[in-house]
Amino acid sequence: MTAQRRSATPPTAYARWSRGQGIDIVPGFHIPDLRAVPLKPWARMGGYGCFINHEESDRSNDCYVCLIPPGEHLHPVRHLHELMIYVLSGRGSTTVWGPDGRPQSFEWQRGSLFAIPLNVRYQHFNSSGEAPATLLAVTNAPVAINLFDEPGFIFDCPYDFPSRFSGADGYFSGEGTLTGRLWETNFVPDVRDFPLVEYRERGAGGTNVQFKLARNTMMAHVSEFPVGTYKKAHRHSPGAHVVILSGTGYSLMWKEGEPITRYDWSEGSLVIPPGETFHQHFNTGASPARYLALRHLNARRDPATGLPMSSISTRLGGDQIDYADEDPMVRRTYRDECATNGITSRMEEFHGTP
Ligand SMILES: [Fe+2]
């Protein structure tokens with residue numbers, strides 16, 4: 001008897017589940033405008049939704065956009081996967097129910113960032129009677145759904161996780177603890193103006209703050225880089241969803257030894273660098289460029305220092321390319337691009353820096 005070879009990899013449990021949600025799944029790693037994705041009625045959530053899937057979404061983390069019409073609300077839901085939400089537009093509130101069934105609510109607006117604690121029941125409300133509210137969510141639902149292959153267990157499990165959320169008042173007050181560049185909190189009122197901390201490792205006057213929300217394993221960070229500068233190229237595992245908060249520019253992406261592709265962005269764009277693909281962000285505008293990254297915790301670290309390999313120079317075996325090691329074309333093209341926009345590149349002053 002001869003074994004039959006499968007002609008294709010069977011879809012994961014997540015892929016089967018997401019295809020059954022009745023909304024579009026937009027594939028790709030560059031969405032020019034998140035406000036223009038095709039939204040369809042989403043029966044499970046209420047409102048209108050659309051998945052955005054990168055090449056590894058069906059087994060790592062995924063993303064969706066969900067719109068709440070003016071004056072309306074979504075269904076109450078809970079789930080055994082983590083969830084981070086960035087408010088793309090509008091304003092509203094969310095009610096969560098603690099282990100004792102007591103509700104508490106908090107308000108959000110465009111620019112807010114928060115996480116729903118694991119398996120807590122919650123419901124979103126649009127508090128405007130005139131404008132829609134649009135939420136961008138990044139989750140690790142693919143991992144949970146693939147593990148159990150039983151959506152009823154993921155979306156209707158009665159277990160509470162009191163160590164993540166006891167129901168205590170003030171959970172979403174926005175209070176937090178800053179350690180170095182790490183801000184541990186559960187709610188950020190507006191990441192667009194959140195004060196950042198110097199981050200020299202990524203180069204060229206950049207600043208950054210990492211966010212750990214609701215004790216999630218998933219992480220977020222905000223980075224900003226000045227006019228006339230670009231960041232160092234690096235690579236890491238898949239699933240970093242980079243939302244452009246302000247500024248204009250472009251990103252270059254390439255796999256080692258393969259051609260470089262350019263993607264232009266502006267406020268409201270989304271870039272999701274594919275796994276193990278070098279990516280490099282360039283500010284070509286007249287104002288600082290700021291972005292929010294929603295991602296997995298970077299798993300690959302240098303055992304000697306504990307630093308992410310994506311922050312260590314390729315000269316030392318890491319995954320970040322120092323300015324001095326990059327293709328000279330990169331800086332020349334950037335200088336020309338800046339000149340076209342009436343901007344002076346500052347990269348000469350950073351070229352020799354580590
Ligand atoms: Fe990155």
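Residues numbered from 1 in each chain as written. Predicted model: local features only at pLDDT ≥ 70, side-chain atom pairs only at ≥ 80, totals over all residues. Heavy atoms only, no water.

J.: Explain helix α4 (residues 328-340) residue by residue, including any values.
T.: One turn of the α-helix equals 3.6 residues, which is why residues spaced by three or four share an orientation. Under the 1.5 Å per step criterion, the end-to-end length of α4 is 19 Å for 13 residues, consistent within 8% with the ideal 18 Å. Taken together, the buried positions of α4 are V330, R331, Y334 and C338. Taken end-on, α4 shows its buried residues confined to a sector of 90°, consistent with a single buried face. The exposed set on the far side of α4, more than 90 degrees from its buried face, consists of P328, A339 and T340. (Helix = DSSP H or I, 4+ residues; strand = E, 2+ residues; numbered from the N terminus. Expected span 1.5 Å × (residues − 1). Buried < 20%, exposed > 50% of the residue type's maximum accessible area, 1.4 Å probe, protein only. Arc of directions from axis to C-beta.)

J.: Outline the pattern of salt bridges, listing residues and values.
T.: The tally for this structure, following the rule as stated, stands at 22 salt bridges. D319 serves as the salt-bridge partner of R235, at 3.0 Å between the closest nitrogen and oxygen. Residue R235 is located in the loop between β18 (233-234) and β19 (241-246), and its partner D319 is located in the loop between β24 (289-295) and β25 (320-321); the two are separated by 84 residues in the primary sequence. The exposure class assigned to R235 is buried, which follows from its relative accessible area of 18%. Measuring nitrogen to oxygen at the nearest pair gives 2.7 Å for the salt bridge that ties R315 to D325. Here R315, found in the loop between β24 and β25, pairs with D325, found in the loop between β25 and α4; they are ten residues apart in sequence, far enough to count as distant. For R315, a relative accessible area of 56% corresponds to the exposed category. With a relative accessible area of 34%, D325 lands in the partly exposed category. Linked by salt bridges that have partners in common, D33, R35, R110 and E267 make up one network. (Salt bridge = Lys/Arg side-chain N within 4 Å of Asp/Glu carboxyl O.)

J.: Account for the nonpolar core, with residues named and values stated.
T.: L34, I52, Y64, W108, L113, F211 and L292 are the most contacted members of the largest nonpolar core, which has 69 residues in total. It is strand β6 (residues 83-89) that contributes the most residues to this core, six residues altogether. Summarising the domain contributions, this core has at least three residues from each of domain 1 (13-155) and domain 2 (176-349). Once residues lying within four places of it in the same chain are set aside, the contact partners of F211 are L113, L182, W183, V188, V191, F194, M219, A220, H221 and V222. One finds A233, Y250, F278 and F350 within the second-largest nonpolar core, a separate group that totals 16 residues. (Core = buried A, V, L, I, M, F, W, Y, C linked by side-chain atoms within 4.5 Å. Domains from an automatic or database assignment. Contact = heavy atoms within 4.5 Å.)

J.: Please give an account of the coordination of the iron ion that cites residues and values.
T.: In an ideal octahedron of six donors the angles at the metal are 90 or 180 degrees, and in an ideal tetrahedron of four donors they are 109.5 degrees. Looking at the metal site, the iron ion is ligated by H234 (NE2), H236 (NE2) and H279 (NE2), spaced 2.1 to 2.2 Å from it. In primary sequence terms, the donor set of the iron ion follows H-x1-H-x42-H. Of the two residues, H234 sits in strand β18 while H279 sits in strand β23 (residues 278-283), which places them 45 residues apart along the sequence. Like H234, the residue H279 is buried in the burial classification. (Donors = N, O, S within 2.8 Å, 3.2 Å for Na, K, Ca; no water.)

J.: Describe the environment of Y263, with residues and values.
T.: Assignment of secondary structure puts Y263 in strand β21 (residues 261-266). You can call Y263 buried: its relative accessible area is 16%.

J.: Lay out the state of the cysteines with the relevant residues and their values.
T.: Here, disulfide denotes a covalent bond that connects the sulfur atoms of two cysteines. Enumeration according to the criterion identifies zero disulfides in this entry. Between C63, a free cysteine, and C50, which holds the nearest cysteine sulfur, the sulfur-to-sulfur gap is 8.6 Å. Lacking any disulfide linkage, C66 is separated from the closest cysteine sulfur, that of C50, by 10 Å. Judged by relative accessible area, C66 falls into the buried class, the value being 1%. (Disulfide = S-S within 2.5 Å.)

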